[in-house]
Amino acid sequence: MKLRRLCTGLLWLVIPLLFTGCGGGSKSAPPSGSITINPTTYSWSVSAANPIEAKLEPVVITVKDAAGIPLGNDRVIVSLDLSQGTSTNVMMGLILADPTTGQPTGSVLTAPVALFTSNSGTIDLWVDMATGGKLVYTGTLFAYSGSIEGTAVFSVTCTAYGTTTC
C-alpha cells in the first residue's frame, strides 16, 4: 500500500514535466518568411571638436511569414556587431523601447540577446552608439529567427572642424 502511494505521488510529479515542452511557447519564423529592420542604414556625422557622447536611433524589427502576415511571439536573436578592425573601446549597444511610451528603457542589453515580437510582429529597440571626438566606425545590427535574417548598418563619421582634423 505504501509503495502504491509512493508510485502515485511520483506520477503526479512526473506527468506535468512530460507536458512542459508541448504546445504554446515561442516559435521561429518559417524559412519563407522575412525580417526587416527599419531604418536599414543610419549615420551620425559629428564634428571632431564635439565631445564624445551617446547618440540614440529608434529601430523597429518586423517578422512576417511568406504571406506577409506579422508573426507575434516569434523568437528573434538580436546582436549589434562592430565592423572588422574597429577599436573595441567604442561604445555601441541596444536598448529596449518602453511599450507604452516608445522611449528607451535605459538598460543596455548584452548582445546577442533573445527577444520576442509583440502581437503585431515587431520589436522596438534603440541603437546606442558613441559619437564625437575622432570616432569613426560602423556596426551591423543582425536579427535572426530560424533560418532567416535581417540586417541594418549604423555608422559614425567624423567631420573636421577648425584646426581639429579627423
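Description of the structure in this document. Worth saying up front: this structure is predicted, and the values here are computed from it rather than measured. (Residues numbered from 1 in each chain as written. Predicted model: local features only at pLDDT ≥ 70, side-chain atom pairs only at ≥ 80, totals over all residues. Heavy atoms only, no water.)

**Some words on the state of the cysteines**
A complete count under the given rule lists one disulfide for this structure. A disulfide bridge connects C158 with C166, and the sulfur atoms are separated by 2.1 Å. Note on the C158 and C166 pair: the S-S dihedral is about -85°, so by sign convention the disulfide is left-handed. (Disulfide = S-S within 2.5 Å.)

**With respect to the sheet that holds strand β8 (residues 122-131)**
Taken in spatial order, the five strands of this open sheet run β1-β3-β8-β5-β6, and their pairing is antiparallel. Looking at strand neighbours, the two that pair on one side only are β1 (34-38) and β6 (104-109), the edges of this open sheet. Each adjacent strand pair in this sheet contributes to an overall mean axis angle of 35°, direction not counted. (Pairing = 2+ DSSP bridges. Helix = DSSP H or I, 4+ residues; strand = E, 2+ residues; numbered from the N terminus. Axes fitted to C-alpha atoms, helices over the stretch in contact; angles between N-to-C directions.)

**Observations regarding the packing of aromatic side chains**
Scanning the model with the defined rule gives three aromatic pairs in all. Geometrically, the ring pair formed by Y42 and W44 is edge-to-face, given 4.9 Å between the ring centres and 70° between the ring planes. Looking at Y42, the relative accessible area reads 30%, which means it is partly exposed. Aromatic pair F142 and Y144: ring centres 6.0 Å apart, planes at 5°, arrangement stacked. Exposure remark for Y144: the relative accessible area of 33% places this residue in the partly exposed category. Through a chain of ring-to-ring contacts, the aromatic side chains of Y42, W44 and F154 assemble into a single cluster. (Phe/Tyr/Trp six-rings, centres within 6.5 Å; stacked < 30°, edge-to-face > 60°. Buried < 20%, exposed > 50% of the residue type's maximum accessible area, 1.4 Å probe, protein only.)

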